[in-house]
Amino acid sequence: MDSCPMVKNILLLDSEGKRIAAKYYSDDWPTSSAKLAFEKSIFSKTQKTNARIEADITIFQGNTILYKFVQDVHFFVTGGDDENELILDSVLHGLCDAVSLILRSNVDKNSALENLDLILLCLDEIVDRGMILETDPAVIAGKVSIINVDGAAPLSEQRVSDVYCWRKSEEGGGGNDLRKMGV
């Protein structure tokens, strides 16, 4: 292999094998039905394994697939059969840990669906057109959203919905709108 490592797809499936989020960077699955069939078959192959503590690896349909289960969310990173497993593992761990940071360690299907926009931004920060850009979960999460533990981040660095919720809680849930807050 004489080029940079490439990722073919990143998948997040629920505990029933249904798609939560997916990004495909390869033409190996040209149609939606081919993508869904791949997702169903990889879920069937891996559902009986115990990849909750450590990531696991399998070779499937000529692809190297690393996967990890966190509660009811199954994370998959697919590369070619000649890709370096350690690099794919760093992508998988970067993704899992960044999602955990963004969801404040509450990684489950409902939280993932409620924050799907942030998860998709995570995928975009990690991989672009199959090329790996970033694997450090703190950097990924920092680019995707401001992780604000103490509420001290300036208003310009917060999402409008976060500011609105914070302001509403400060005012006791009153009927304030964003115009009154100066946003």
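Please read these numbers as outputs of a predicted model, since none were measured by experiment.

S.K.: Give a description of the nonpolar core that names residues and reports values.
M.R.: For soluble globular proteins, the rule of thumb is that nonpolar side chains tend to be buried together. Core analysis: the biggest nonpolar cluster contains 30 residues, and Ile10, Leu12, Phe75 and Leu95 have the highest contact counts within it. Put simply, the parts of the chain that give this core at least two residues each are β1 (9-14), β2 (19-24), β5 (73-80), α2 (85-102), α4 (116-126) and α5 (137-144). The element contributing the most residues to this core is α2, with eight residues. Sequence-distant contacts of leucine 95, that is, excluding residues within four places in its chain, are made with Ile10, Leu12, Phe75, Leu123 and Ile126. With 13 residues, the next largest nonpolar core counts Phe38, Ile42, Phe43 and Ile65 among its residues.

S.K.: Residues and numbers for the environment of isoleucine 57, please.
M.R.: For isoleucine 57, the position within the fold is in strand β3 (residues 56-60). Separated by ten residues in the primary sequence, isoleucine 57 and tyrosine 67 have C-alpha atoms spaced 6.4 Å apart. Not counting residues within four places of it along the chain, the set of residues in contact with isoleucine 57 comprises Thr64, Ile65, Leu66, Tyr67 and Glu85.

S.K.: Let's hear about the packing of α2 against α5: which residues, and what values?
M.R.: Across the interface, α2 lies against α5 with an axial gap of 8 Å and an inter-helix angle of 45°. On the basis of their axis angle, the class for α2 and α5 is oblique. α2 and α5 meet at a crossing whose hand is right-handed. Where α2 approaches α5, its residues Gly94, Asp97, Ala98, Leu101 and Ile102 are matched on the opposing element by Pro137, Ala138, Ile140, Ala141 and Val144. When its residues are assigned to classes, the contact of α2 with α5 shows eight nonpolar, one polar and one charged.

The rules behind the values
- Residues numbered from 1 in each chain as written.
- Predicted model: local features only at pLDDT ≥ 70, side-chain atom pairs only at ≥ 80, totals over all residues.
- Heavy atoms only, no water.
- Core = buried A, V, L, I, M, F, W, Y, C linked by side-chain atoms within 4.5 Å.
- Buried < 20%, exposed > 50% of the residue type's maximum accessible area, 1.4 Å probe, protein only.
- Helix = DSSP H or I, 4+ residues; strand = E, 2+ residues; numbered from the N terminus.
- Contact = heavy atoms within 4.5 Å.
- Axes fitted to C-alpha atoms, helices over the stretch in contact; angles between N-to-C directions.
- Parallel < 35°, antiparallel > 145°, perpendicular 65-115°, else oblique.
- Left-handed = near helix turned anticlockwise from the far one by under 90°.
- Nonpolar A, V, L, I, M, F, W, Y, C, P; charged D, E, K, R; others polar.

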